[in-house]
Amino acid sequence: MTIRKFILLLTICIMLFPLPLCLGEELLDKVTITKVEFFQKGKLVEVVSDDAPVRIRAYLKAKEMMPEFRDKFLLIFYLNDLPVRTFPISDIKYTPFIDYLWEEPTSGLHSVGASLGTPTAVGERVYRDLFVEEVKPVLKINSLEIDTTRRLEVGDKVKFFLFVSNDSEKVILPDDFVVRLQLKAKAEKEEEEEEIPATEEETVAAEEERVIFLDFKNTPRISRKAHNVSLGPIEWVVEDGNWLVYPQILPRVTGSGKVLEVVKDEEVFLDLRIGESRPDIFIELSLYPTSPYMGEDVEILVNLENRGDLPCEKYSLSLYIDGRRKGPIMKGPKILPEKSQNLQFAWRAEKGTHYLKVSASYEFDQREFLTKAELPLTVDTGINIVPVILSWKPVDPQSGDIVTILARIENTGVNPITPWQEGSEIGYEAILSVDGIKKQVKFDGEIGPGEKSDFEFTWEAEEGEHLLEFSSFYGVAKDMEPLLWSDEDSIKVSPPPKLIIVRDNWMPSPPTEGDIVEVSLVVKNDGQGVARLWDEEEMKGYKAVFSIGSEEKEVSKRIPPGKEVTFSFRWKMDEAGEYPVRVLFVHPSGKGIVKPYRGTLTVLSPEPIDELEKETLKLLEKGKKKKASVYNSLGKNLEEFLHPPRSQFGKLAKKTSKATLATLKSIFEEKRTLPFSDKSVEDKDLAEVSKNLKEVMEDIDRTDWKSISREGEKLEYEYNNLRKYLARSIFSEGGVVPLMEKEAVSYRQMVANNSAVEEGRVRPYPDAKNELMKVLKAEEKLGTDIYQDFQKEESVFIFLKSETEREKGIRIQLGLLKSIISILRNEALRAGNLQKEFYAR
């Protein structure tokens, strides 16, 4: 009752919970319940009994619809107008029917219904009436047997055994019945029937007939479908006479009648003639093959043995399968005492549990004798399917991955299995379910005994831990319940990445025909899962696909959650015009995992020449070479001037100041070469630098160097760090001197490009402008970084600032460094302005 209330509440919630209108009643017009059928004990039935579960099957039919709507349906089963079970349908197109198992049917007339629904609507119900019959247990008397076959004499002790079967699905309890044996004996006398009136004949018969009752004291509990249960033994001391022994079973009676039914296929009794010689036939049964499969031809071998004192002249054999006679009645030849005779029946095995019985009837002394033998047999279908989930890829899926699941069916039976046939409902299906919801159904060709067939399924992974089930469904016959085998495995799906393009950079912008365009895209993973490297074989990861026009380039990088990476692409633009630009981040399944980046790139024509004029470029090249030389000299002088011997301090101070002044003059010369420069800021800074440098040089000239103290020599460690810093900033690969030299090379290459364009040739250095932009960016960053370091409260310069008041030589060093650093800051401003000029052009 609790479960039924829960299902009812769940169904009401599903029906009332608001969801988008596209999942409403219009979808119900596309699906129908075609019929409802009942199965019990593996067969299609119209009336059922209360002694076995009932399988209620609703058949579905769907029209064509959008794939995204196929999993929006529910099937609700009703019993007497109450919902008892709701089944979600994963794909209505591949779901021909759904079963509900009513495990404990109750007797009476019931209304069984089914309806389709969506999360926002419930369709019309389909009803069928079902009558459930009450079935009483059936106790069947099989045989009455005695523990000896020898000739009986008065005074012998014999034991009787009564064998019974419970042919129902209900248990029979010990108190449900009473068992006893009735023994009747009648003395022999001469016939005087014509002289005795009828009333007197009955009186004489009653006087001459002897009756004995033997009660079975203890009766067992008899399980459902129990066969050949032995009751007894019960012992009897043989008395003189010819005795007929009959079994009697008396059911317990209640207000509603007998609690069980007693049946027997034939008259069961024993004819015991004390001291008599006669034939006595015993039967033994065997099968070939001993364990046949469904459809296999079986030989039922019968061995008849005469254990009596006289020959058995005439007898006949009958074969019964599950209580019904099969085949003809067979006559056999005479069997002498202590001899046997072998006969056989033929039968084609049918699936299920059967009881085989062979009975032999024979005559002696104008009396009929009957003996029999029974054999229980379970016939398998000969169909055994082993479904196995072999593997899936990717082995560590993320949500959104298209997981490919490889499974296999192996036929380990003795019969071939055929693919599913809709009309006959015979054959196999391979089914993939996830968390109990059917996802895909497939079938292949016939699979012979010992053969295998592989199946490949796809499933779009969802975050979390899931249960994969690969099952094989086999329909044996249209009116029989299908066979089912399955294999299970768990799969864990991790969260997906979420990629966002946070910024981009294009160099040059816009480009000119013949240029190489460099594009940098900074991508951030804003999700919880790792963005993995592209692996097409494993079907995981992603790749960035960048295209300008019709050409594409691809790259993949690992991006942990919360991190950023830069994707760089280079493209040579051979022709002027407008090109569509697109950036996709693609999963192996083919779907994009971020919103596509789209735009248009305009490539300018080379006429007129978009760079600086040739003469200006040559002057810039010459100026950069000169500045590289000047900065090289300045760097070497600085290295000697910082922490020099006291005797050389004045000389090195003057030498360094002159090198600084030469550097400043080279900047002024360059400014005269570049008429497009913005002078307002730079001129003000340079005027300040020139003024400070003049004051330092005057201070150097006025200084009495013999009076300079040796305090500076105690700061050897600090001076060493400062010299390393300046040497790295001036002479290393990313320092001032190498950058000036690279800038000069770029100008020379641009001159060559301009000359080529004027002469109608291809540019020899299409990447020259990009390289120049890189150098200018590096110069801008270097000068700015050095200036910011000088302003910090904690840096390699701080010891000079703290010692200026105590020692004049250190004050002069700090003054020169201040002028030099201001010059480098001016170089940074110049590089930034020059970049703007090139971008503007």
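As the structure is a prediction and not an experimental result, all values here were calculated from the model.

Focus on the overall build of the chain
Alright, step 1. Helix and strand counts for the chain stand at 11 helices and 41 strands.
Alright, step 2. A burial count over the chain gives 45% of its 841 residues as buried.
Alright, step 3. Considering only residue pairs separated by 6 or more positions, the chain has 72% of its internal contacts joining residues 24 or more positions apart.
Alright, step 4. Split by element, the accessible area of the chain, about 43800 Å² in all, is 49% carbon and sulfur.

Description of empty space enclosed by the protein
Alright, step 1. Using the criterion set out here, one finds 8 cavities of 30 Å³ or more in the structure.
Alright, step 2. What lines the second largest cavity is V736, L739, M740, E779, L782, G783, L824, E827 and R830.
Alright, step 3. When contributions to the lining of the second largest cavity are tallied by element, the ones reaching two or more residues are helix 8 (736–758), helix 9 (768–791) and helix 11 (808–840).
Alright, step 4. Across the lining of the second largest cavity, the residue classes tally to 5 nonpolar, 1 polar and 3 charged.

Considerations on the sheet that holds strand 41 (residues 597–603)
Alright, step 1. Judged by pairing direction, the sheet is antiparallel, and its 4 strands sit side by side in the order 38-37-40-41 without closing on themselves. Each end of this open sheet is capped by a strand with a single partner; those strands are strand 38 (551–555) and strand 41. Between one strand and the next, the sheet's axes are offset by a mean angle of 20°, whatever the strand orientation.
Alright, step 2. For strand 40 (residues 577–586) and strand 41, the ladder comprises 7 bridges, and the chain directions are antiparallel. When the sheet's bridge partners are listed, Y579 is paired in strand 41 with L601.

Side note on the nonpolar core
Alright, step 1. Among the nonpolar cores identified, the biggest contains 43 residues, and Y631, L722, L800 and L817 are the most heavily contacted of them.
Alright, step 2. Broken down by secondary-structure element, the contributors of at least two residues to this core are helix 4 (614–641), helix 5 (649–673), helix 6 (679–702), helix 7 (716–731), helix 8, helix 9, helix 10 (798–803) and helix 11.
Alright, step 3. Ranked by residue count, the leading element in this core is helix 11, at 9 residues.
Alright, step 4. If you look at the next biggest cluster of nonpolar residues, it comprises 32 residues, including F177, A185, L214 and L272.

Here we look at the environment of K665
Alright, step 1. Inspection of the secondary structure assignment puts K665 in helix 5.
Alright, step 2. Overall, K665 belongs to the partly exposed group, its relative accessible area being 48%.
Alright, step 3. Expressed as a C-alpha distance, the spacing of K665 and K627, which sit 38 residues apart in the sequence, is 9.8 Å.

Focus on the packing of helix 7 against helix 8
Alright, step 1. At a minimum axis separation of 4 Å, helix 7 and helix 8 run at an interaxial angle of 5°. Here helix 8 runs roughly parallel to helix 7, going by the angle between their axes. Contacts between helix 7 and helix 8 involve S729, I730 and F731 from the first element and V736, V737 and P738 from the second.
Alright, step 2. Partitioning the contact of helix 7 with helix 8 into residue classes produces 5 nonpolar, 1 polar and no charged.

Considerations on the packing of helix 4 against helix 8
Alright, step 1. The contact between helix 4 and helix 8 brings their axes to 8 Å, and the two run at 165°. Judged by the angle between their axes, helix 4 and helix 8 are roughly antiparallel. Read as a crossing pair, helix 4 and helix 8 show a hand that is left-handed.
Alright, step 2. A breakdown of the residues in the contact of helix 4 with helix 8 according to their chemical character gives 11 nonpolar, 3 polar and 10 charged.

Some words on the packing of aromatic side chains
Alright, step 1. In total, this model carries 17 aromatic pairs according to the counting rule given.
Alright, step 2. Between the aromatic rings of F160 and W236, the centroid separation amounts to 6.2 Å while the plane-to-plane angle is 35°, which identifies the pairing as tilted. Of the two residues, F160 is situated in strand 12 (residues 157–166) and W236 in strand 15 (residues 229–237); the sequence distance between them amounts to 76 residues. Per residue, the accessibility class of F160 equals that of W236, and both read buried.
Alright, step 3. For the pair Y246 and F269, a centre-to-centre distance of 5.8 Å together with 35° between the ring planes defines the contact as tilted. Residue Y246 is located in strand 16 (residues 242–251), and its partner F269 is located in the loop between strand 19 (261–263) and strand 20 (270–273); the two are separated by 23 residues in the primary sequence.
Alright, step 4. Aromatic ring contacts, followed pair by pair, group Y428, F455, F457 and F470 into a single cluster.

Some remarks on a negative patch on the surface
Alright, step 1. On the surface, a cluster of negative charge is contributed by E688, E695, E698 and D701.
Alright, step 2. The residue D701 is located in helix 6 in this model.
Alright, step 3. Residue class for D701 comes out exposed when judged on its relative accessible area of 58%.

What about the environment of V603?
Alright, step 1. Here V603 lies in strand 41.
Alright, step 2. Taking the C-alpha atoms as reference points, V603 and D574, separated by 29 residues in sequence, lie 9.1 Å from one another.
Alright, step 3. Residue contacts for V603: discarding those within four places in its chain leaves P511, T512, E513, M573, E575, A576, G577 and Y579.

Quick look at the sheet that holds strand 11 (residues 138–146)
Alright, step 1. The sheet built from 4 strands is open, its strands ordered 15-12-11-19 with mixed pairing. Every interior strand has two partners, whereas the edge strands, strand 15 and strand 19, have only one. Taking the axes of each pair of neighbouring strands and ignoring which way they run, one obtains an average angle of 30° across the sheet.
Alright, step 2. Where strand 12 lies against strand 15, 7 bridges are found, and the strand directions are antiparallel.

A few points about a nonpolar patch on the surface
Alright, step 1. A surface patch of nonpolar side chains, about 290 Å² in accessible area, is lined by V47, L109 and F131.
Alright, step 2. Within the secondary structure layout, V47 lies in the loop between strand 2 (43–45) and strand 3 (48–49).
Alright, step 3. Owing to a relative accessible area of 43%, V47 belongs among the partly exposed residues under this scheme.

Quick word on the pairing of strand 38
Alright, step 1. Bridge count for strand 37 (residues 543–548) against strand 38 is 5 bridges, and the pairing is antiparallel. Bridge assignment links I548 to a residue of strand 38, and that residue is E551.
Alright, step 2. Between the end of strand 37 and the start of strand 38, which pair antiparallel, lie 2 residues, with G549 showing a positive phi angle near 70°.

A few points about the confidence of the model for the chain
Alright, step 1. Taken as a whole, the chain shows an average pLDDT of 81; of its residues, 87% reach a score of 70 or greater.
Alright, step 2. Across the chain, the element-wise mean pLDDT spans from 46 in helix 1 (residues 2–16) up to 92 in strand 22 (residues 297–306).
Alright, step 3. With pLDDT under 50 throughout, residues 189–196 is counted as low confidence; its partners more than four residues away or in other chains account for 4 contacts.

Notes on the pattern of salt bridges
Alright, step 1. Counted by the stated rule, this structure contains 35 salt bridges.
Alright, step 2. When the shortest N-O distance is used, the salt bridge between E743 and R830 registers 3.2 Å. You can see E743 sitting in helix 8 and its partner R830 sitting in helix 11, a full 87 residues away along the chain. The residues E743 and R830 share a single accessibility class, namely buried.
Alright, step 3. K774 is the partner of E771 in a salt bridge, and the nearest nitrogen-oxygen pair spans 3.6 Å. Taken together, the residues E771 and K774, both in helix 9 and 3 residues apart, mark about one turn of the helix.
Alright, step 4. Relative accessible area serves as the criterion here: at 31%, E771 is assigned to the partly exposed category.
Alright, step 5. Owing to a relative accessible area of 35%, K774 belongs among the partly exposed residues under this scheme.

A few points about unusual backbone geometry
Alright, step 1. Along the chain, G232 connects to P233 via a cis peptide bond; the corresponding omega equals 5°.
Alright, step 2. Structurally, P233 can be placed in strand 15.
Alright, step 3. Despite not being glycine, E338 shows a phi value in the positive range, around 65°.
Alright, step 4. For E338, the position within the fold is in the loop between strand 24 (324–331) and strand 25 (340–348).
Alright, step 5. Classification of E338 as exposed rests on a relative accessible area of 59%.

What counts as what
Residues numbered from 1 in each chain as written. Predicted model: local features only at pLDDT ≥ 70, side-chain atom pairs only at ≥ 80, totals over all residues. Heavy atoms only, no water. Helix = DSSP H or I, 4+ residues; strand = E, 2+ residues; numbered from the N terminus. Buried < 20%, exposed > 50% of the residue type's maximum accessible area, 1.4 Å probe, protein only. Contact = heavy atoms within 4.5 Å. Areas by Shrake-Rupley, 256 points an atom, 1.4 Å probe, with all protein chains shown as cover. 1 Å grid on protein atoms, 1.4 Å probe; cavity = no way out; pocket = protein on both sides within 12 Å on 5 of 7 lines; lining within 4 Å. Points joined across faces, edges and corners; volume = space filled by probe spheres on them. Nonpolar A, V, L, I, M, F, W, Y, C, P; charged D, E, K, R; others polar. Pairing = 2+ DSSP bridges. Axes fitted to C-alpha atoms, helices over the stretch in contact; angles between N-to-C directions. Core = buried A, V, L, I, M, F, W, Y, C linked by side-chain atoms within 4.5 Å. Parallel < 35°, antiparallel > 145°, perpendicular 65-115°, else oblique. Left-handed = near helix turned anticlockwise from the far one by under 90°. Phe/Tyr/Trp six-rings, centres within 6.5 Å; stacked < 30°, edge-to-face > 60°. Patch = residues over 30% accessible without salt bridge, like charges linked within 9 Å, V, L, I, M, F, W, Y side chains within 5 Å. Salt bridge = Lys/Arg side-chain N within 4 Å of Asp/Glu carboxyl O. Lys, Arg positive; Asp, Glu negative; His and termini not counted. Charge placed at Lys NZ, Arg CZ, Asp CG, Glu CD. pLDDT = per-residue confidence, 0-100.

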